[in-house]
Amino acid sequence: MEPVIDQAFAAALYSDGDAGLDTGASLLAADPTADAELFRRGEEFVRRAWERGWQPADVVRIVRRELDETRAGLAADLITTETGRYEQLPSRWRSQLAELPAPPPRNRPDRFTYASALLGLYRLLLRLPAIEPVGPPPGAPGLRLRLPPAHDEPRMLTRIRALLAKAEATGFPEEAEALTTKAQELMARHSIDEALLAARTHSKEAPGACRIGVDAPYETAKAILLDAVASANRCRAVWNSDLGFSTVVGFEPDLEAVELLHTSLLVQGTAAMAKAEAGQRAGGRKRTKTFRQSFLMAYVQRLGARLAADTARVTAASVSEEGAAAGDLLPVLAARDVAVTDAADRMFPETTSTRVRGVSDGEGWAHGTAAADRARMGERRPGIDGPGSGNART
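In this text, all values refer to a predicted model and were calculated from it rather than measured experimentally.

What counts, and where the lines are drawn
- Residues numbered from 1 in each chain as written.
- Predicted model: local features only at pLDDT ≥ 70, side-chain atom pairs only at ≥ 80, totals over all residues.
- Heavy atoms only, no water.
- Helix = DSSP H or I, 4+ residues; strand = E, 2+ residues; numbered from the N terminus.
- Expected span 1.5 Å × (residues − 1).
- Buried < 20%, exposed > 50% of the residue type's maximum accessible area, 1.4 Å probe, protein only.
- Polar contact = N/O pair within 3.5 Å; in protein donor to acceptor, adjacent residues only side chain to side chain.
- Contact = heavy atoms within 4.5 Å.
- pLDDT = per-residue confidence, 0-100.
- Pairing = 2+ DSSP bridges.
- Axes fitted to C-alpha atoms, helices over the stretch in contact; angles between N-to-C directions.
- Parallel < 35°, antiparallel > 145°, perpendicular 65-115°, else oblique.
- Left-handed = near helix turned anticlockwise from the far one by under 90°.
- Nonpolar A, V, L, I, M, F, W, Y, C, P; charged D, E, K, R; others polar.
- Salt bridge = Lys/Arg side-chain N within 4 Å of Asp/Glu carboxyl O.
- Lys, Arg positive; Asp, Glu negative; His and termini not counted.

Asker: Honestly, helix α7 (residues 111-126) in this entry has me stumped. Any pointers?
Answerer: Side chains three or four residues apart in an α-helix point the same way, a direct result of the helix having 3.6 residues per turn. Over its 16 residues, α7 extends 22 Å from the first C-alpha to the last, a length consistent with the 22 Å expected when each residue adds 1.5 Å. In terms of burial, α7 is a largely internal element, 13 of the 16 residues being buried. The distance from a side-chain oxygen at the start of α7 to the backbone nitrogen of Phe112 is 3.1 Å, and the residue carrying that oxygen is Asp110.

Asker: Even after reading the chapter, I still don't get the environment of Leu296, so can you show me in this structure?
Answerer: Tracing the chain through its elements places Leu296 in helix α12 (residues 288-322). For the pair Leu296 and Glu219, spaced 77 residues apart in sequence, the C-alpha separation works out to 10.0 Å. Leaving out residues up to four positions away in the same chain, Leu296 has contacts with Tyr218, Ala221 and Met273.

Asker: I keep staring at unusual backbone geometry and nothing clicks. Help me out?
Answerer: Each neighbour pair has its own omega, and for Arg108 with Pro109 the value is 0°, a cis peptide bond. Residue placement: Pro109 occurs in the loop between α6 (93-98) and α7. In this structure, Pro217 follows Ala216 across a cis peptide bond, with omega equal to 0°. By the secondary structure assignment, Pro217 is in the loop between β1 (208-213) and α10 (219-232). Residue His202 is not a glycine yet carries a positive backbone phi of 55°. By secondary structure assignment, the location of His202 is in the loop between α9 (173-200) and β1. On the basis of relative accessibility, which here comes to 63%, the residue His202 falls in the exposed class. Positive phi outside glycine occurs at Tyr218, with the angle close to 60°. Counting through the fold element by element, Tyr218 comes out in the loop between β1 and α10.

Asker: Can you walk me through the confidence of the model for the protein in this structure?
Answerer: If pLDDT is low for a region, its predicted coordinates should not be looked at in detail. Taken residue by residue, the protein gives an average pLDDT of 83. The fraction at 70 or more is 83%. Considering only residues more than four positions removed or in separate chains, one finds that residues 146-152, a stretch of pLDDT under 50, has 5 contacts. Throughout residues 376-390 the model reports pLDDT below 50, and contacts reaching past four residues in sequence, or to other chains, amount to 45 contacts.

Asker: Would you mind showing me how to read the pairing of strand β2 (residues 236-240) here?
Answerer: Across a regular strand the side chains alternate sides, sitting on one face of the sheet and then on the other. The pairing of β2 with strand β3 (residues 245-250) spans 5 bridges and is antiparallel. Paired with Asn240 across the bridge in β3 is Phe245. What sits between the antiparallel neighbours β2 and β3 is a turn of 4 residues, in which Gly244 has the positive phi angle 75°.

Asker: Could you clarify how one ought to interpret the sheet that holds β2 in this entry?
Answerer: In a beta sheet, neighbouring strands are held together by backbone hydrogen bonds and run either parallel or antiparallel to one another. Here we have 3 strands laid out as an open sheet, ordered β1-β3-β2, and antiparallel in their pairing. In the strand order of this sheet, the two ends are held by β1 and β2, each with one partner. On average, each strand axis in the sheet is tilted by 25° relative to the strand beside it, whichever way the strands run. On the sheet, α10 packs against β1, β2 and β3 and is oriented at approximately 160° with respect to β2.

Asker: Sorry if this is basic, but what is going on with the side chain of Ser191 here?
Answerer: Looking at where Ser191 falls in the secondary structure, it is placed in helix α9. Aside from chain neighbours lying at most four places away, what touches Ser191 is Arg234 and Asp254.

Asker: Could you clarify how one ought to interpret the packing of helix α2 (residues 18-29) against α7 in this entry?
Answerer: Two packed helices can be described by the angle between their axes and the distance between those axes. Here α2 crosses α7 at 130°, and the two axes come no closer than 8 Å. In terms of orientation, α2 and α7 fall into the oblique class. Here the hand of the crossing between α2 and α7 comes out right-handed. For the pair α2 and α7, the contacting residues are Leu21, Asp22, Gly24, Ala25, Ser26, Leu28 and Ala29 in the first and Arg111, Phe112, Ala115, Ser116, Leu119, Gly120 and Arg123 in the second. Residues that form the contact of α2 with α7 fall into these classes: 7 nonpolar, 4 polar and 3 charged.

Asker: Looking at this model, I keep getting lost on the pattern of salt bridges. Mind explaining?
Answerer: Opposite charge on two side chains lets them pair, provided their charged atoms get close. Evaluation of the coordinates by the stated rule reveals 19 salt bridges. Residue Arg40 pairs with Glu37 through a salt bridge whose shortest N-O separation is 2.8 Å. Taken together, the residues Arg40 and Glu37, both in helix α3 (residues 35-51) and 3 residues apart, mark about one turn of the helix. Ionic pairing is found between Arg292 and Glu277, a salt bridge with its closest N-O pair at 2.7 Å. Placement of the pair is Arg292 in helix α12 and Glu277 in helix α11 (residues 252-282), with a sequence separation of 15 residues. One continuous salt-bridge network, built from bridges that share partners, spans Asp6, Glu37, Arg40, Arg41, Glu44 and Arg48.

Asker: Please clarify how the side chain of Arg123 should be interpreted in this entry.
Answerer: Assignment of secondary structure puts Arg123 in helix α7. With no salt bridge to any partner, buried Arg123 finds its closest opposite charge in Asp18, at an N-O distance of 5.2 Å.

The structure is reproduced here in structure tokens:
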């Protein structure tokens with residue numbers, strides 16, 4: 001006789017309807033002896049996801065996006081158990097594991113509901129497509145782990161995080177601007193120092209990649225913001241709108257800068273948008289969706305220009321400081337830019353630039369531009385771009 005677990009899977013995992021899930025859950029709920037095998041099969045599905053290029057944060061993100069928070073917790077339980085098999089894990093995985101949601105109690109609130117939730121999760125895991133890997137899966141032959149950072153690097157990152165956290169928390173735009181500017185200066189200087197060190201020590205380090213979630217609503221504006229932050233920090237970002245993330249390609253110090261700065265600017269922009277929208281509502285306005293869309297598009301377009309200008313300014317200052325060594329710096333930076341572009345082109349040979357539809361809310365655009373100026377990374381320059389359109393690489 002076919003095992004209960006196989007009967008349940010045949011009914012639930014290879015059909016689209018809820019009836020199959022109900023049938024499979026009923027079979028599992030009636031047979032507690034199948035529990036261990038049910039969970040073991042789930043670990044196997046997670047392992048297959050690693051082989052297709054997915055990482056822990058990616059799996060939890062797609063489960064939240066397609067299902068719900070309960071099943072995101074179930075996925076976290078499977079991920080924790082599966083990755084516990086390995087003595088060593090690839091870089092970035094440990095921090096992702098530390099941020100997993102708490103798993104719900106097993107077989108609660110009842111066996112049927114729990115089994116149904118698990119089967120729904122397994123159905124999704126089975127259908128995950130292969131995506132571009134951003135590192136080897138755990139257990140891969142010849143897995144190379146990142147060496148511990150230099151003794152001063154954690155202190156640098158801690159300082160940058162503290163500056164950005166203060167910028168997000170303050171209610172004074174001028175203070176937020178000064179704090180964020182200082183954080184960007186530290187990032188840019190650190191990136192240049194790392195590039196020079198790598199060149200002088202003949203480092204064989206190659207560009208890497210990471211994925212960053214781009215969630216609804218207003219995901220187009222968020223993807224463009226990430227692209228602007230990536231470009232300003234000598235990285236390339238490619239947005240997968242169907243799966244809700246962007247892949248950022250670059251050298252490790254620059255990837256860390258992109259993650260930190262993008263998160264902070266998104267927090268600052270969202271807070272500024274909510275404040276501006278509240279003022280609009282107080283004046284009797286009701287067109288909040290178009291206001292938000294226009295606000296965010298203005299915010300990201302303005303920030304993109306500011307970030308690009310500030311990167312050029314910090315680089316020029318570094319060249320001036322280097323003096324006789326300036327002849328080494330510019331070729332080193334150019335070589336790293338070429339390496340990043342080549343790596344991105346190899347990972348994504350068929351990307352396209354999508355024209356983003358222009359916005360129509362003038363007040364939202366004006367408020368978004370002002371918010372970007374307050375959050376900008378460098379000195380003020382004259383001129384304001386009008387409402388228009390942007391580009392997202394997909």
